[in-house]
Amino acid sequence: MKKKVKEILGTSLYLLGVLVVTFLIVTYVGQRTKVSGGSMEPMLSDGDNLIIDKISYRFKDPQRFDIVVFPFQYADRPYYIKRIIGLPGETIYIDDDGNIYIDDEILNEPYGKEVITDPGRAYEPIVLGEDEYFVMGDNRNNSSDSRDPVVGNVQRDDLIGKAWVRIWPFDKMGMIKHQ
């Protein structure tokens, strides 16, 4: 009888330990999220499942071109996944030809799927605050991002983390390329 109680107690403690470790990982290290929509194509597609790295930004600042996850302030889509284009203190502007300017210099980046047809609120220079980021989807003409006043600039404290690994679909499984 005592052996049975010890066995049950041991198994219970083991399961409790697994649950605690799982909770800590999901809360502080990583989180699974699903891409909804085509705003990050061709890098990420609708239905892709990702693991988000939630710990890196506790030790270092987000970098230009990081793919980040942040909450959307309205209920129909809880999280947005976008690429950081502008960093704190920079001035962002998009001209009529779809060129992105950062501090009056054209941003050379290969991520945009096509030429931007609508600069949104970036048709005038936007000066980012000390904890603000300007984010855009790679599918620039099919993305609700910082150009839209509803999304606006993203605060550092709102960044949940950066896309780390694609776990679904299996044929695209692997680390996410940021830079």
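Above this text you will find the structure in question.
Residues numbered from 1 in each chain as written. Predicted model: local features only at pLDDT ≥ 70, side-chain atom pairs only at ≥ 80, totals over all residues. Heavy atoms only, no water.

Undergrad: Could you give an account of the pairing of strand 4 (residues 79-86), with specific residues and numbers?
TA: Burial analysis of strand 4 places seven of its eight residues in the buried class, which makes it a mostly covered element. The pairing of strand 4 with strand 9 (residues 132-136) spans three bridges and is antiparallel. In the strand pairing of strand 9, Arg83 is matched with Met136. (Buried < 20%, exposed > 50% of the residue type's maximum accessible area, 1.4 Å probe, protein only. Helix = DSSP H or I, 4+ residues; strand = E, 2+ residues; numbered from the N terminus. Pairing = 2+ DSSP bridges.)

Undergrad: Quick rundown of a nonpolar patch on the surface? Include the residues and the values.
TA: Nonpolar side chains collect at one region of the surface, where Leu9, Leu13, Leu16 and Val20 lie side by side and expose about 380 Å² of accessible area between them. By the secondary structure assignment, Leu16 is in helix 1 (residues 2-29). Note on Leu16: relative accessible area 48%, which makes it partly exposed. (Patch = residues over 30% accessible without salt bridge, like charges linked within 9 Å, V, L, I, M, F, W, Y side chains within 5 Å. Areas by Shrake-Rupley, 256 points an atom, 1.4 Å probe, with all protein chains shown as cover. Salt bridge = Lys/Arg side-chain N within 4 Å of Asp/Glu carboxyl O.)

Undergrad: Give a description of a negative patch on the surface that names residues and reports values.
TA: Together, Glu130, Asp131, Asp157 and Asp158 give the surface a local cluster of negative charge. With respect to the helices and strands, the residue Asp157 is situated in the loop between strand 10 (154-155) and strand 11 (161-168). (Lys, Arg positive; Asp, Glu negative; His and termini not counted. Charge placed at Lys NZ, Arg CZ, Asp CG, Glu CD.)

Undergrad: I'd like to hear about the sheet that holds strand 8 (residues 126-127), residue by residue, with values.
TA: One open sheet holds the four strands; their spatial order is 7-6-5-8, and the pairing between them is antiparallel. If you trace the sheet from one side to the other, it starts and ends with strand 7 (105-106) and strand 8, each paired once. Pairing of strand 5 (residues 91-94) with strand 6 (residues 100-102), which is carried by three bridges, proceeds in the antiparallel orientation. Note that in strand 6 the partner of Tyr93 across the bridge is Tyr101.

Undergrad: For the pairing of strand 11, give the residues involved together with the corresponding values.
TA: As paired strands, strand 2 (residues 49-53) and strand 11 are joined by five bridges and run antiparallel to one another. For Asn49, the partnering residue across the bridge sits in strand 11 and is Trp168. Judged from the two bridges that link them, strand 3 (residues 67-71) and strand 11 form a sheet pairing that is antiparallel. Following the sheet pairing, Val68 is matched in strand 11 by Lys162. One ladder, built from two bridges, connects strand 11 with strand 12 (residues 174-175); its direction is antiparallel. Each residue of the ladder has a partner; that of Arg166, found in strand 12, is Gly174.

Undergrad: Describe the side chain of Ser39, and please don't skip the residues or the numbers.
TA: In this structure, Ser39 sits in the loop between strand 1 (30-34) and strand 2. Owing to a relative accessible area of 11%, Ser39 belongs among the buried residues under this scheme. Leaving out residues up to four positions away in the same chain, Ser39 has contacts with Ile81, Lys82, Gly137, Asp138, Asn139, Asn142 and Ser143. (Contact = heavy atoms within 4.5 Å.)

Undergrad: Quick rundown of the pattern of salt bridges? Include the residues and the values.
TA: One pass over the structure, following the stated rule, counts six salt bridges. Of the charged contacts in the structure, one is a salt bridge between Arg156 and Asp61, with a shortest N-O distance of 2.7 Å. Here Arg156, found in the loop between strand 10 and strand 11, pairs with Asp61, found in the loop between strand 2 and strand 3; they are 95 residues apart in sequence, far enough to count as distant. Residue Arg147 is joined to Asp145 by a salt bridge in which the shortest nitrogen-to-oxygen separation is 2.8 Å. The exposure classification of Arg147 matches that of Asp145, with both residues buried.

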